[in-house]
Amino acid sequence: MAIRFGPSGNSASFYEQGNKKSVQAPGWIAARGLNAYEYSFGKGITITEPTARAIGEAAKAHDVEISVHAPYYINLANPDAEKRSGGIEYLRRSAQALRWFGGTRIVFHPGSCAKLPRAQAMEFVLAMLKEAAASFFAEYPDVFLCPETMGKLNQVGTPAEVAQMCAVHDNYLPTVDFGHVNAREQGVLKTKADYAAVLDTLENEIGSDRVKRMHIHFSRIEYTAAGEKRHLTFADKQYGPFFEPLAELIVQRNMEPVIICESDGTMAEDALEMQRIYLGILEQKGEKI
Ligand SMILES: [Zn+2]
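This section reports on the structure supplied with the text.

### Overview of the sheet that holds strand E6 (residues 144–147)
- A sheet is described by the order of its strands in space; here four strands give the open sequence E2-E3-E4-E6, paired in parallel fashion. Unpaired on one side and paired on the other, strand E2 (36–40) and E6 mark the two borders of the sheet. Across the sheet, the axes of successive neighbouring strands diverge by a mean angle of 25°, strand direction being ignored.
- Strand direction decides the pairing type here: strand E4 (residues 105–108) and E6, joined by four bridges, are parallel. Bridge pairing in E6 links phenylalanine 108 to proline 147.

### Points about the packing of helix H4 (residues 81–101) against helix H5 (residues 118–139)
- Packing of H4 against H5 brings their axes to within 10 Å, and their N-to-C directions diverge by 35°. Seen along the crossing, H4 lies across H5 with a hand that is right-handed. Of the residues in H5, those in contact with Arg84, Ser85, Ile88, Leu91, Arg92, Ala95 and Arg99 of H4 are Phe124, Met128, Ala132, Ser135, Phe136 and Glu139.
- When the residues that make up the contact of H4 with H5 are grouped by side-chain class, the tally is seven nonpolar, two polar and four charged.

### Looking at the coordination of the zinc ion
- At this site the zinc ion is bound by His69 (NE2), His109 (NE2) and Glu148 (OE), with donor distances of 2.2 Å.
- Exposure remark for histidine 69: the relative accessible area of 2% places this residue in the buried category.
- Note on glutamate 148: relative accessible area 0%, which makes it buried.

### What to know about the sheet that holds strand E12 (residues 258–261)
- Spatially, four strands are ordered E1-E12-E9-E8 in an open sheet, and the strand pairing comes out parallel. Looking along the sheet, the strands with just one partner apiece sit at the ends: strand E1 (4–7) and strand E8 (175–177). Pairs of neighbouring strands in the sheet enclose a mean axial angle of 20°, with direction left out of account.
- Relative to strand E9 (residues 215–218), E8 runs parallel, the two sharing three bridges. The partner of threonine 175 across the bridge, within E9, is histidine 215.
- On the sheet, helix H11 (residues 267–284) packs against E1, E9 and E12 and is oriented at approximately 160° with respect to E1.

### What about the side chain of histidine 69?
- Tracing the backbone shows histidine 69 in strand E3 (residues 65–69).
- Side-chain polar atoms of histidine 69 contact the side chain of glutamate 148, separated by 3.2 Å.

### Considerations on unusual backbone geometry
- The amide bond that connects glycine 240 to the next residue, proline 241, takes the cis arrangement and shows omega of 0°.
- By the secondary structure assignment, proline 241 is in the loop between strand E11 (227–231) and helix H10 (244–252).
- Positive phi values are uncommon outside glycine, yet alanine 114 reaches one of about 45°.
- Tracing the backbone shows alanine 114 in the loop between strand E5 (111–112) and H5.

### Quick notes on the packing of helix H3 (residues 49–61) against H4
- The contact between H3 and H4 brings their axes to 7 Å, and the two run at 45°. The angle between the axes of H3 and H4 places the two elements in the oblique class. Contact residues: Glu49, Ala52, Arg53, Ile55 and Gly56 in H3; Ala97, Trp100 and Phe101 in H4.
- Residues belonging to the contact of H3 with H4 are distributed by class as follows: five nonpolar, one polar and two charged.

### Examining the packing of aromatic side chains
- Using the criterion set out here, one finds 17 aromatic pairs in the structure.
- For the pair phenylalanine 178 and phenylalanine 218, a centre-to-centre distance of 6.1 Å together with 35° between the ring planes defines the contact as tilted. Within this pair, whereas phenylalanine 178 is found in helix H7 (residues 178–184), its partner phenylalanine 218 is found in strand E9, the two being separated by 40 residues in sequence.
- For phenylalanine 218, a relative accessible area of 0% gives the class buried.
- Measuring from centroid to centroid gives 6.5 Å for phenylalanine 218 and phenylalanine 234, while their planes differ by 85°, and the two rings are edge-to-face. Here phenylalanine 218 is found in strand E9, whereas its partner phenylalanine 234 is found in the loop between E11 and H10, with 16 residues between them in sequence.

### Examining the pattern of salt bridges
- Applying the stated rule across the entire model yields 16 salt bridges.
- Between glutamate 203 and arginine 253 there is a salt bridge, with its nearest N and O atoms 3.5 Å apart. One end of the pair, glutamate 203, is in helix H8 (residues 192–206); the other, arginine 253, is in the loop between H10 and E12, and 50 residues separate them in sequence.
- Overall, glutamate 203 belongs to the partly exposed group, its relative accessible area being 26%.
- Between glutamate 222 and lysine 229 there is a salt bridge whose closest N-O contact spans 3.4 Å.

Rules and cut-offs
Residues numbered from 1 in each chain as written. Predicted model: local features only at pLDDT ≥ 70, side-chain atom pairs only at ≥ 80, totals over all residues. Heavy atoms only, no water. Pairing = 2+ DSSP bridges. Helix = DSSP H or I, 4+ residues; strand = E, 2+ residues; numbered from the N terminus. Axes fitted to C-alpha atoms, helices over the stretch in contact; angles between N-to-C directions. Left-handed = near helix turned anticlockwise from the far one by under 90°. Contact = heavy atoms within 4.5 Å. Nonpolar A, V, L, I, M, F, W, Y, C, P; charged D, E, K, R; others polar. Donors = N, O, S within 2.8 Å, 3.2 Å for Na, K, Ca; no water. Buried < 20%, exposed > 50% of the residue type's maximum accessible area, 1.4 Å probe, protein only. Polar contact = N/O pair within 3.5 Å; in protein donor to acceptor, adjacent residues only side chain to side chain. Parallel < 35°, antiparallel > 145°, perpendicular 65-115°, else oblique. Phe/Tyr/Trp six-rings, centres within 6.5 Å; stacked < 30°, edge-to-face > 60°. Salt bridge = Lys/Arg side-chain N within 4 Å of Asp/Glu carboxyl O.

This is how it looks when you write it as structure tokens:
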């Protein structure tokens, strides 16, 4: 394990430089000094086995760790039991593709409250995660399912809720999207203490080991009273959040997370910026890089 930084999907510059296919992405990412890559099945799992295996080979050759993002339409809080089970089926299919890639982490959105009381929605999600755990992790023992903290008020996935989900089984690993947390709570993440509170919420529930290895999404996100509105780039300074306080905590707490940037078009560039900030703090502390 080591800390890793990388983009979600391909930066605009990847295509501007003449690249066309994601099989070229791992080499392009590694050439920039990055070492993680998230492949999104947000709109569906359409990749073929040969393509996924080719991307996986390239990733292995360049020491780039691939994670996948499961479809956005998964909703483990759906009032319809069949649709809740369907969500687990999409996680299973994501795991199949992840195996072709040679990765270990699947990020997913737990679900939406819609018209349900929040407690009921959360109960559905926890019940599904409990029910799925035994057979899923028997089939995919090396896979981590990573429920994500969400940006809109009516979605399930506050840091405390994600902590509870991860308490169900050791192979659930938190994904904290700090942009989402900040957007949902109207710009709450400013100081190191604000970030520490999020990490502590998780640690209190599942201990420090998994928090150290957790999955992180980091991007600036515009928000309204309802929470997340849209992803921005690091060039935008209005909404935050800012990476520096989190980077200090990562160094202080010896964390080795995978940090994925979901900026709008500049995800590789902004991932590099985060890596630069992190390395700068390490250097200040006189650590060997
Ligand atoms: Zn997500």
